[in-house]
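# Chain and residue survey
This is what each chain is made of:
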Amino acid sequence: MLILSCPAQLQRLEGALRRSLPLALPVYGAVMNINRGNPGDFEVVVDAWPDFRAVLARHRGKVAAVGCSSTRTCTPTPAPCPSLSECCPTAAPPAPPLPQPGSQRPPAARRLHPSVRVGSLSPAHADLLNTTWAYGGNARSRHYLVQLLERFPSLCLLDAAAQPVCWSLVDAFGTNAHGYTLPAHRRRGHMQALTVLAARRAQARGFPSFG
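Rules used in this analysis
Residues numbered from 1 in each chain as written. Predicted model: local features only at pLDDT ≥ 70, side-chain atom pairs only at ≥ 80, totals over all residues. Heavy atoms only, no water. UniProt positions renumbered as here; feature names shortened; annotations may be inferred. Helix = DSSP H or I, 4+ residues; strand = E, 2+ residues; numbered from the N terminus. Buried < 20%, exposed > 50% of the residue type's maximum accessible area, 1.4 Å probe, protein only. Contact = heavy atoms within 4.5 Å. Areas by Shrake-Rupley, 256 points an atom, 1.4 Å probe, with all protein chains shown as cover. Expected span 1.5 Å × (residues − 1). Arc of directions from axis to C-beta. Core = buried A, V, L, I, M, F, W, Y, C linked by side-chain atoms within 4.5 Å. Domains from an automatic or database assignment. Pairing = 2+ DSSP bridges. Axes fitted to C-alpha atoms, helices over the stretch in contact; angles between N-to-C directions.

By the naming in an unreviewed UniProt entry, the chain goes by Glycine N-acyltransferase-like protein and is assigned to Crypturellus soui. The heading Sequence similarities (unreviewed entry) in the UniProt record of the chain holds the text "Belongs to the glycine N-acyltransferase family."

Written out as structure tokens, the structure reads:
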């Protein structure tokens, strides 16, 4: 197995995985994040280069078991990549960091209350997310959520008191995760509106939307 660290190789890998969508979805988002500042501190491993047939994304320097939340693999069969010089030619400047969403009105997937606004979450909301997550409620899950909130974009709907009532996070694999609506605010179209907005923002950053 070979760890890819050369920017030119990683950019070429991203292009090859893009041509293998949706089969390459398990690792494509992670490779995109690596090429855009690597906020999750991930690395990507291939079985061979440039004619790879298996790709693994994981936390840098860690050998995690396949199937755990911090490791994903796929076995796409893209067209062979042209050979790259071992000296790794100078790559193009890295893409800018992932933007954080600003406060604005949500898309009108369903007519929402005029007081509802779009915002983003911060580590200060970690306790709220940890208590409402089915797999949360402990120190380890809270630490994981804090890392997501610190490193990746998030979206939420705020009520008139500027308190989150519905939210969705992005993880290191470019996946919308941890979607939740407070019980008192369900059946109002909140998650539908938030999902539409999250998909639009993902596409604007170049991330594909499936589902």
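Having seen the structure, we can now continue with the description.
## Topic: the overall build of the chain
In terms of helices and strands, the chain carries five helices and eight strands. Ordered by position from N to C terminus, the α and β elements of the chain give β-α-α-β-β-β-β-α-α-β-β-β-α. The buried share of the chain, taken over its 211 residues, is 44%. In the chain, the share of contacts with a sequence separation of at least 24, taken over all contacts with a separation of at least 6, comes to 57%. Carbon together with sulfur atoms contributes 55% to the accessible area of the chain, which is approximately 11,200 Å² in total.

## Focus: helix α5 (residues 190-204)
Counted at 1.5 Å a residue, the expected span for α5 with its 15 residues is 21 Å, and the 21 Å between its end C-alpha atoms agrees. Inspection of α5 places H190, A193, L194, L197, A198, R201 and A202 among the buried residues, and these make up the whole buried set. Within α5, the buried residues cover an arc of 165° as seen down the axis, which keeps them to one side. The secondary structure elements touched by the buried residues of α5 are β5 (117-119), β6 (154-158), β7 (164-170) and β8 (176-181).

## Quick word on the nonpolar core
Core analysis: the largest hydrophobic core is formed by 36 residues, its most contacted members being L13, L17, V44, F52, V55 and L169. Counting residues per element, this core draws most heavily on helix α2 (residues 25-34), which supplies six residues. Residues lining this core come from more than one domain, with at least three contributed by each of domain 1 (2-59) and domain 2 (117-205). With residues near it in sequence (within four places) discarded, L169 still touches L121, L129, L145, L148, L149, P153, S154, T175, N176, A177 and H178. Membership of the second largest hydrophobic core comes to eleven residues, among which are L112, V116, L155 and A198.

## Some details on the sheet that holds β6
Pairing in this open sheet of four strands is antiparallel, and the strands run β5-β6-β7-β8 from one edge to the other. The open sheet has two edge strands, β5 and β8, and neither has a second partner. Between one strand and the next, the sheet's axes are offset by a mean angle of 15°, whatever the strand orientation. Pairing analysis gives four bridges linking β7 to β8, with the strands arranged antiparallel.

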